[in-house]
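Chain and residue survey
Now for the letters of each chain:
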Amino acid sequence: MADSLANRVAVRDRTVVAPATPVRARRSRARLVPLLYTAPALLFYAAFVIAPWLHSLWISFWDWNGIGVATWAGLDNYREILADPALRLSLVHAFGLILFYSVIPICFGLVLAALVANVPWKGMPFVRTVIFLPQILPLVAVGSVWKLFFDDDGPFNALLRAVGLSDLTRAWLGDFTWAYPAVGVVGTWVSTGLCFLLLYSGIGKIDPALYEAARLDGAGAIHEFWHVTVPGLRREMSVAATVTVIAALASFDVVYVMTAGGPGESTLVPGVAIYRLTFTAGQVGTACALAVVLSLLTCAVMFALNRLTREKT
Amino acid sequence: MKSMTSAKSALSAAAVLLALGACAPGSSSDGEPAADANAAVQTGVPAGPVELNLIATPESGAAMKDIIPAFQAKHPNVKINYVDTTYDDYNKSLNLALSSDTSPDIVLLNAVGTTVKDQLILNLQPYAKAYGWESAYPAGQLNQWRVAKDGTTLGSGDLYAAPASFSQVGLYYNKATLKKLGIDAAPASLEDLEAALAKAKAGGETPLQLGNKEGHASFPIQLIGQSTDGPAAYAKWVFGEGGSTFDTAGNTKGAQSITDWGTKGYYSKDANGIDLQGAVDKFTKGDGVFFVDGSWDSKKIGDALKGDAGFVPFPGPKATAIGTSVAYGISRKSKNAQAAAAFLDFLRGPEAAKASFAQGFLPSDTSTVTAEPGTISADLIAAWNKVNADDGLIGFNNNATATMNDTLVAETQKLIAGKVDPATFIRAVQSDWAKTHG
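Residues numbered from 1 in each chain as written. Chains lettered and ligands numbered in written order. Predicted model: local features only at pLDDT ≥ 70, side-chain atom pairs only at ≥ 80, totals over all residues. Heavy atoms only, no water.

Right, let's talk about the domain arrangement of chain A for a bit. Residues and elements named next belong to chain A. The assigned domain composition of chain A is domain 1 (1-59) and domain 2 (65-309). Between the C-alpha centres of domain 1 and domain 2 the distance comes to 32 Å. The partner domain 2 presents 10 residues to the six residues of domain 1 that form the contact. Summed over both partners, the interface of domain 1 with domain 2 comes to about 610 Å²; 76% of that surface belongs to carbon and sulfur atoms. Taken together, the links from domain 1 to domain 2 amount to zero salt bridges. Run the count over domain 1 and domain 2 and you get one residue pair in polar contact (both at pLDDT 80 or more). Class assignment for the residues of the side of domain 1 that touches domain 2 results in five nonpolar, one polar and no charged. (Domains from an automatic or database assignment. Contact = heavy atoms within 4.5 Å. Buried area = accessible area lost by both parts, 1.4 Å probe. Salt bridge = Lys/Arg side-chain N within 4 Å of Asp/Glu carboxyl O. Polar contact = N/O pair within 3.5 Å; in protein donor to acceptor, adjacent residues only side chain to side chain. Nonpolar A, V, L, I, M, F, W, Y, C, P; charged D, E, K, R; others polar.)

Written out as structure tokens, the structure reads:
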């Protein structure tokens, strides 16, 4: 994202400067100037994102425990990832989380934003703050609180008992069927606020004339929602999807705190697997290989997402 | 972004540092010769001011707040700085701490791990000879810290850590509930235990308190396993001796029993969602007639249940326990190894023994401590003496490989949820073991 933003800025600058003096030297200097502006950011990006990524890639070809002597492993670490059912499963889980981190929150956010936009309230700033609050909290704290909530003696079971559903009570995070959705719900809770705010601010930018025209054509509220609001929010939805999909694929904190991947491997995600491989198993090479695979998959998803949501011109 | 995983950022940070280093990741062998087992060493504390840094975990290091001042009072020229970190974080950072330039001098070792293979800790064999540790401790108590030349096989070879005190996993029981059920004595055999569990179930009690969120169902499995197979044979697998297997009659019986007890409703169907401390809390509130746990929780249980708290070695033909020592090693980077070794020797003295026992850890020599009859402390000493008389102390299966704890957590969770049968469980555990000890 940072890249494409920098490009866009660069392009805009060029179109302003270039036509004035169409000399070759000028033009190349004009190209350099915006680069200079972005140099500090690029430098940091290279030092703290690109270089470590390349180094992870390098380490992923070694059999190394993080301390001792490394031996060349070639593609063995990658083969191990493909051969290990638990690690493969962790990747599947990460993609499954997209439903909880992105799809549901964006749907919720859309509906909420459309509802709120139609009815201007006095209490709006307060509501906005409350809905956005989960985004500000540290995820470790969020995970701890939700862990207590789903505890066998926790509030959720108390609630079920209070309404006469005591047959349904269980230790949710220790249940092979329910632990994964229970962890996923937290993602929905965290992401909904962000999606709502993004989409709500987007609705404000939609030309009111479009709604007026739709109404003149006899469209009801639902028609308006589908044919004006949703298409008008394409850009905001794309941003929301990008941010939340990355959060889903890179999830670690919430899962680690709530279940540490259990019971069995039913909530294991790549973040937790990488952490374990590095710090417990001492298989830093395999951990890096999994990290590389995850980052490549994330890039692929981002690429697809960008293609999908790009505005047709 | 805030959801950037800490694992990733830690990796990146490590990677940047390493990028400055050599081509292949990691330090190549630094060329220092491995400390000779026959090196000449001196006993006692050297003259002149000495500062030692000691790191441990809050539970195992609890006694240090009494032991360190006692040592410093004897040796005023020595100053010991104590730092503790929670168990999980400690184990994950220990190797990095030992390999850093600011390595601590004395470190708590929860397992040998790769500390010997990667030449991070000092061979203590010369000090063991100089101080006579080998005759002071029963062989079984030192074997866990002996490492063979290959750096991974335990149980024989040179000594790398000195035990300060010991923990034992056994069977807690609630005396009051047991009496109410009409049972007079703690079970002496597995059959007795199963009969008592059945009686408790019929009497409307929770027969067995079990929390398996962190995999503690592996305790009863190992205890049934080792008492069935015999401690000497069983220990070979834990030590990683080549050719050993987890697929034994004892382990099969252990895994089968846990499965059956679950089917019969002897423990909560929510066990996979309850952690160890949660189970301790439930047991101290009277939920559970029996509870398999370590002596480290004896203070909490004794304080809550008072005279109703009982502890015996897990019933079987021989008195066996899962146990390990709270043991300390010396960093190879320590500049004050002699003073550090003197401190390790002090750990087996009577002052240290009393301080450790007050925290629920047993001294090697129980004659240095006393307990009031009828208390959980008295039960702990009696159980400890019985286990040692049968030479039945065996290390944790969880320490058999670096990943064994994670494997046992995941696999016991599947086992008690009925996702796998005992045979599949045993295969999965053995496959982890084979990756390291093949």
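What follows is about the environment of A128 of chain B. Residue and element names in this part refer to chain B. Structurally, A128 can be placed in helix α4 (residues 125-131). On a C-alpha basis, the gap between A128 and G286 in space is 46 Å, while along the polypeptide they are 158 residues apart. The residues contacting A128, other than those within four sequence positions of it, are W133, E134 and L159. (Helix = DSSP H or I, 4+ residues; strand = E, 2+ residues; numbered from the N terminus.)

Residue and element names in this part refer to chain B. In terms of burial, strand β1 (residues 50-56) is a largely internal element, five of the seven residues being buried. Here β1 pairs with strand β2 (residues 78-84) via seven bridges, running parallel. Within β2, the position partnered with L52 by the bridge is I80. For the crossover that starts at β1, traverses helix α2 (residues 64-74) and ends in the parallel β2, the hand is right-handed. As defined by bridge partners, β1 adjoins strand β3 (residues 106-109) across two bridges and the pair is classed as parallel. (Buried < 20%, exposed > 50% of the residue type's maximum accessible area, 1.4 Å probe, protein only. Pairing = 2+ DSSP bridges. Right-handed = clockwise from strand over helix to strand, strands pointing away.)

In terms of nonpolar packing, the biggest core is built from 128 residues, with W133, F290, Y328, F343 and F425 of chain B touching the most fellow members. The dominant element in this core, judged by the number of residues it contributes, is helix α14 (residues 337-346) of chain B, at eight residues. Composition of this core by domain shows at least three residues from each of domain 1 (37-167 + 324-368) and domain 2 (169-323 + 376-437) of chain B. Of all hydrophobic cores here, the second largest spans 58 residues; its members include C195, V254, M258 and L290 of chain A. (Core = buried A, V, L, I, M, F, W, Y, C linked by side-chain atoms within 4.5 Å.)

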